[in-house]
Structures are given as structure tokens and as C-alpha cells.
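# Commentary on secondary and tertiary structure
Here is what each chain is made of, one letter per residue.
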Amino acid sequence: QVQLVESGGGLVQAGGSLRLSCEASGRTFNRYTLAWFRQTPGKEREFVAGISWSQGITKYADSVKGRFAISRDNALKRVALQMNSLEPEDTAVYYCAARDGLAVVIGPDIYDYWGQGTQVTVSS
């Protein structure tokens, strides 16, 4: 079992930055692939970024490439999402997710564990 708790959301002006953090519990954290998703009302949950458990291979949605960076610290059982050059379109609830698998996949149904979400609001 893995429990995930996100933090770091908030209100920021366009062009600003935020750093989201997700802390995990569970003894086998190292073998989980981790990802960030986001969701706005009336829309499906959208893949943002993911990082594999070994070699730290990363994958990003086209909409955030060059602006967001995902990282993980297995010793501290944390995954972070550094978000720069934020745009109003980035406004959403952001979720941390984990799956027991090697590859980063973008489909939310593949992920086994989810955090409760943290709100990010970008004002224009």
C-alpha cells in the first residue's frame, strides 16, 4: 500500500512559479513509477509529467515541456513538480499518482494510488 499527500498548491500570477510536493508512505516506494495529473471541472484527468522508478526517466505532456520539471527523492519518499512560466491554462487540481510498474504511462486508469489533490490557480 502507498499513501500520497500533496502540498504546495496556491494562487500565483501568470509567469510565476510554484513547486508541488508529494510525500509517500510505504516501504516499496523505490519501485513505483510516479506521475502528476491535473483536472479541471467537466474535463478528464490529464497527464502532466511522470518519472520512472529506475534511471529516473521522465515524460511530459507537450503543453508543459520546457516549463515543468519532475523529480524524485527515493530516500525521502518524495516526488516534486517544479512549475515555471505558469499560464492561466495551468489552473487545475493537481494530483500525485503512483503505479507498480517500470514505465511512465499517460493513462490515469493504469495508476494504482492517488493523492487527494492540491489546487493551483494562475491569474492573468
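Above this text sits the structure in question.
Here is what the cut-offs are and how they apply
Residues numbered from 1 in each chain as written. Predicted model: local features only at pLDDT ≥ 70, side-chain atom pairs only at ≥ 80, totals over all residues. Heavy atoms only, no water. Core = buried A, V, L, I, M, F, W, Y, C linked by side-chain atoms within 4.5 Å. Buried < 20%, exposed > 50% of the residue type's maximum accessible area, 1.4 Å probe, protein only. Helix = DSSP H or I, 4+ residues; strand = E, 2+ residues; numbered from the N terminus. Contact = heavy atoms within 4.5 Å. Pairing = 2+ DSSP bridges. Axes fitted to C-alpha atoms, helices over the stretch in contact; angles between N-to-C directions.

W36, L81, M83 and Y94 are the most contacted members of the largest nonpolar core, which totals 30 residues. For this core, the elements supplying multiple residues, two or more each, are β3 (18-25), β4 (33-39), β5 (46-51), β7 (68-73), β8 (78-83), β9 (92-99) and β11 (118-123). Counting residues in each nonpolar core, the second largest holds six residues, with F37, F47, V104 and Y111 among its members.

Tracing the sequence through the fold places S25 in strand β3. You can call S25 partly exposed: its relative accessible area is 31%. Setting aside residues no more than four positions away along its own chain, S25 makes contact with Q1, V2 and Q3.

The next point concerns the sheet that holds strand β1 (residues 3-7). Here we have four strands laid out as an open sheet, ordered β1-β3-β8-β7, and antiparallel in their pairing. Because the sheet does not close on itself, it has two edges, and the strands there are β1 and β7. In this sheet, neighbouring strand axes are inclined to one another by 15° on average, regardless of whether the strands run parallel or antiparallel.

Another aspect to go through is the side chain of S52. Along the chain, S52 turns up in the loop between β5 and β6 (58-60). Once you skip the residues sitting within four places of it in the chain, S52 turns out to touch T33, I57, R72, L102 and V104.

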